[in-house]
Amino acid sequence: MRVELLAVGTELLLGDIVNTNAAWLGTRLAEAGLDVHTSAVVGDNLERIASAVRDALGRVDTLVITGGLGPTQDDLTREALAEAAGVGLRRDPTLEAALRARFTALRRDVPEMNYRQADLPEGATPLANERGTAPGIRLAIGAGVVYALPGVPHEMEAMFTGMVLPDLLQRAGEPATIVSRTLRTSGMWESAVADALAALVRELDRAGNPTIAFLAGRGQTRVRITAKAPDRAAALALVEPVEAAARRALGEAVYGADSDSLEQVVHHLLRGRGATVAVAESLTGGLLGAALTDTAGSSETFRGGVIAYATELKTNLLEVPAELLAARGPVDAGVAAAMASGVRQALAATYGLATTGVAGPDEHGGAPPGTVHIALIGPDGAEQRSLRLPGDRSRVRELSVVAALDLLRRHLARTPPPE
Ligand code: ATP
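Residues numbered from 1 in each chain as written. Predicted model: local features only at pLDDT ≥ 70, side-chain atom pairs only at ≥ 80, totals over all residues. Heavy atoms only, no water.

*Asks:* Would you mind going over the pattern of salt bridges in detail, with residue names and values included?
*Replies:* Evaluated as defined, the whole model comprises 23 salt bridges. Salt-bridge contacts for E31 lead to R224; the nearest nitrogen and oxygen are separated by 2.7 Å. Taken together, the positions of E31 in helix α2 (residues 20-31) and R224 in strand β11 (residues 220-229) put the pair 193 residues apart, joining distant regions of the chain. The exposure classification of E31 matches that of R224, with both residues buried. Residue R218 pairs with E398 through a salt bridge whose shortest N-O separation is 3.9 Å. Taken together, the residues span a long stretch of sequence, with R218 in the loop between β10 (211-217) and β11 and E398 in helix α15 (residues 393-414) at a distance of 180 residues. Overall, R218 belongs to the partly exposed group, its relative accessible area being 48%. Overall, E398 belongs to the partly exposed group, its relative accessible area being 29%. Where salt bridges share partners, they join E252, E383, R385, D406, R409, R410 and R414 into one cluster. (Salt bridge = Lys/Arg side-chain N within 4 Å of Asp/Glu carboxyl O. Helix = DSSP H or I, 4+ residues; strand = E, 2+ residues; numbered from the N terminus. Buried < 20%, exposed > 50% of the residue type's maximum accessible area, 1.4 Å probe, protein only.)

Encoded structure:
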């Protein structure tokens, strides 16, 4: 099976929005082992959409379209499909009744134009939209099949996963269930993760199912294991031994799976031992505190923070010895440790966590941009990390936050809670 993608929307052409639907669909189709040959964007123009559909079906047997299914005059995907197929549009009475019921339930006075969403090219099958009003469309044209999905990403994603992908797999003669497990790692570069898993990847490449993919972003690396099988239990049985092998190879770099976040895991570990944390931030300027308050219920474990950006505040608020600052400057491992200790004391927290460093672009006191010191202190000891982080100012700050959370997370996971 050969697939093309077509995103409809003038706002995509103008750069007002980014075509994230294509990225998402590309990832899902690759996971499913289906080849995407071309991905195109076309504006809200009837003739050009119809011609893009005809061209695509001249090359491949499957076209997935997103966008242009809404109720307004510039939503033209329905008309273009009818035109490309050489058929008329007809109003589907079941869809019309469903729309009417939905609008009535919302007590909305709905203009007649909205019922355009119940129009289908003749011969098409509607795809139910559980998250919005515009149904999708499945239409066979010649030997090919076109799937038209809404542009709104979460509507499109649900429809693709629930209805389009199973249909594609069936048409391709592939097993119908795909199961993915994503392991989340922190404190390990993507290349190191790939190195640790190289033997496993080679082994999987030979068999082709499950597959493994690395996804790096926000200073963390995700490892996605995907298996195809006739049913969910069989797919899980393929994923599980690979997951266990990957966990063994990556060790404590793995902090969670699937939708876990590093912040949640830290919160969870602190809560499990009835502990709290306070932060002293210099180069991260509040980002670490913001990350720690991202999780609902964080007030149980997060005491607060001090942003001691100016050097003298490190002494005035955190009792970092003035002599230490004078001798070493603010970008120093000992200063980070003293900040962590100072904030732990001042805010009466179980753990103190501190960041100091040079975000860039200029060096500071002889230290190049990306020089970062993180320190942690608690009842079960102190730990410290000195790093040279890559990237521009915002990336250095973002990576520093992840490094600080990772230091705390590993410490908590490694150190048994007090009796
Ligand atoms: P609806 O019926 O819900 O309006 P639609 O099928 O008409 O959906 P569009 O009007 O084309 O979809 O787009 C609706 C919104 O969905 C856009 O304003 C944009 O925010 C988002 N969107 C559309 N296409 C894409 C895309 N390719 N990538 C990311 N977002 C998109």
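Continuing now.
*Asks:* Give a detailed account of the sheet that holds strand β1 (residues 2-8), specifying residues and quantitative values.
*Replies:* Taken in spatial order, the six strands make up an open sheet running β2-β1-β3-β8-β7-β6, and their pairing is mixed. A single partner strand is all that each edge strand has here, and the edge strands are β2 (35-42) and β6 (125-127). Direction aside, neighbouring strands of the sheet carry axes that sit 20° apart on average. Summarising the sheet, β6 and strand β7 (residues 136-141) pair through three bridges and their orientation is antiparallel. Bridge pairing in β7 links P126 to I137. Sheet contacts for helix α6 (residues 153-172): β3 (62-66), β6, β7 and β8 (144-149); angle to β8, the most-contacted strand, approximately 170°. (Pairing = 2+ DSSP bridges. Axes fitted to C-alpha atoms, helices over the stretch in contact; angles between N-to-C directions. Contact = heavy atoms within 4.5 Å.)

*Asks:* So what's going on with the site of the ligand? Residues and values would help.
*Replies:* Taken together, 22 residues sit near the ligand, with N19, G68, L69, G70 and G151 positioned nearest. Between a nitrogen atom of the ligand and a main-chain N or O atom of V18, the distance comes to 3.4 Å. A distance of 3.1 Å separates an oxygen atom of the ligand from a polar backbone atom of G68. Protein coverage of the free-state accessible area of the ligand, which is 620 Å², stands at 78%. Put simply, the parts of the chain that give the shell around the ligand at least two residues each are β1, α1 (10-13), α2 and α6. (Near = heavy atom within 4 Å. Polar contact = N/O pair within 3.5 Å; in protein donor to acceptor, adjacent residues only side chain to side chain. Areas by Shrake-Rupley, 256 points an atom, 1.4 Å probe, with all protein chains shown as cover.)

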